[in-house]
Amino acid sequence: MIFEVNEQNGVLFTTVSGRLDTPAAVKAQQEIAPLLENADKEIILDCTHLDYISSSGLRLFLTIRKEASAKGGKVTIQNINEEIDKVFKMTGFSTLFIIR
């Protein structure tokens, strides 16, 4: 799993790749520090190359959303595949995030 963060014009573009399962989510906790520190900005999570997400991965996304909400930022998720879209709908996450 890879979290890659780039800032452009005050927007944090984040590429999420691979499998976001429990071991990857634990590791990613450290990688999302720049997002949490700058959660007052717009955060775009590009999931074009995200193959799988577990409950630990969902928790990680929720952590980002909660921090952004507390700091006045917003989180948009884009390019999720059909399987991840099903997971988001089943868990209610589709109502928590802006999904493009």
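Residues numbered from 1 in each chain as written. Predicted model: local features only at pLDDT ≥ 70, side-chain atom pairs only at ≥ 80, totals over all residues. Heavy atoms only, no water.

### Points about the overall build of the protein
Note the cut-off: Secondary structure elements follow DSSP: runs of H or I no shorter than four residues count as helices, runs of E no shorter than two count as strands, and numbering proceeds from the N terminus. Only C-alpha atoms enter the radius of gyration; for comparison, a globular chain is expected to reach 2.2 Å times N to the power 0.38, where N is the number of residues. We call a residue buried when its accessible area falls under 20% of the maximum for its residue type, exposed when it is over 50%, and partly exposed in between, using a 1.4 Å probe and counting protein chains only. Shrake-Rupley sampling with a 1.4 Å probe provides the accessible areas, and residues are treated as covered by the protein chains on show and by no other component. His is not counted, nor are the chain ends; Lys and Arg add positive charge and Asp and Glu add negative charge. Where a charge lies is defined by one atom per residue type: Lys uses NZ, Arg uses CZ, Asp uses CG and Glu uses CD.
Within the protein, the secondary structure is distributed over four helices and five strands. Over its C-alpha trace the protein gives a radius of gyration of 12 Å, about what one expects of a compact globule, namely 13 Å for 100 residues. Projected onto its principal axes, the C-alpha coordinates of the protein cover approximately 30 × 25 × 20 Å. In the protein, which comprises 100 residues, the share counted as buried stands at 39%. Split by element, the accessible area of the protein, about 5400 Å² in all, is 49% carbon and sulfur. Averaging the positions of the 11 positive and the 13 negative side-chain charges in the protein gives two centres separated by 6 Å.

### Regarding helix α1 (residues 22-31)
As a reminder, the rule being used: This arc describes the spread of directions from the helix axis toward the C-beta atoms. Whether two residues are in contact is decided by their heavy atoms, any of which lying within 4.5 Å being enough.
For α1, the full list of buried residues reads A24, A25 and A28. Each buried residue of α1 sits inside an arc of 95° when the element is viewed along its axis, so together they form one side. Of the exposed residues in α1, those oriented more than 90 degrees away from the buried face are P23, V26 and Q30. Here the buried face of α1 lies against β1 (2-8), β2 (11-20) and α3 (55-71).

### Here we look at the sheet that holds strand β4 (residues 74-78)
For the record, the criterion: Strands are treated as partners if at least two bridges between them are detected by DSSP. Every axis corresponds to a line fitted to the C-alpha atoms, with the helix fit spanning only the stretch in contact, and the corresponding angles, defined between N-to-C directions, vary from 0 to 180 degrees.
On the basis of which strands lie adjacent, the open sheet formed by five strands has the order β1-β2-β3-β4-β5 and mixed pairing. The sheet is open, and its two borders are formed by β1 and β5 (98-99), each paired with just one other strand. Helix α4 (residues 82-91) rests against β3 (42-53), β4 and β5 of the sheet, and its axis sits at about 110° to β3.

### Notes on the nonpolar core
Spelled out, the test is: The criterion is simple. A nonpolar core is a set of buried Ala, Val, Leu, Ile, Met, Phe, Trp, Tyr and Cys residues joined through side-chain atoms within 4.5 Å.
With 27 residues, the main nonpolar core has F3, L20, F61 and F88 as its most contacted residues. Those elements that place two or more of their residues in this core are β2, α1, β3, α3, β4 and α4. Sequence-distant contacts of F61, defined by excluding residues within four places in its chain, comprise F3, L20, L45, C47, L50, I53, I77, F88 and F97.

### Structural notes on the packing of α1 against α3
For any two helices packed against each other, one specifies the crossing angle of their axes together with the interaxial distance. What counts, and what does not: Angles are sorted into four bins: roughly parallel if under 35 degrees, roughly antiparallel if over 145, roughly perpendicular if 65 to 115, and oblique for all others. Working rule for handedness: look at the near helix, and if it is turned counterclockwise from the far one by less than a right angle, call the crossing left-handed; if clockwise, right-handed.
Following both chains from N to C, one finds α1 and α3 inclined at 25°, their axes separated by 7 Å at the closest point. On the basis of the axis angle, α1 is roughly parallel to α3. Here α1 runs over α3; the crossing is left-handed. Contacts from T22, A25, A28 and Q29 of α1 reach α3 at S56, G57 and L60.

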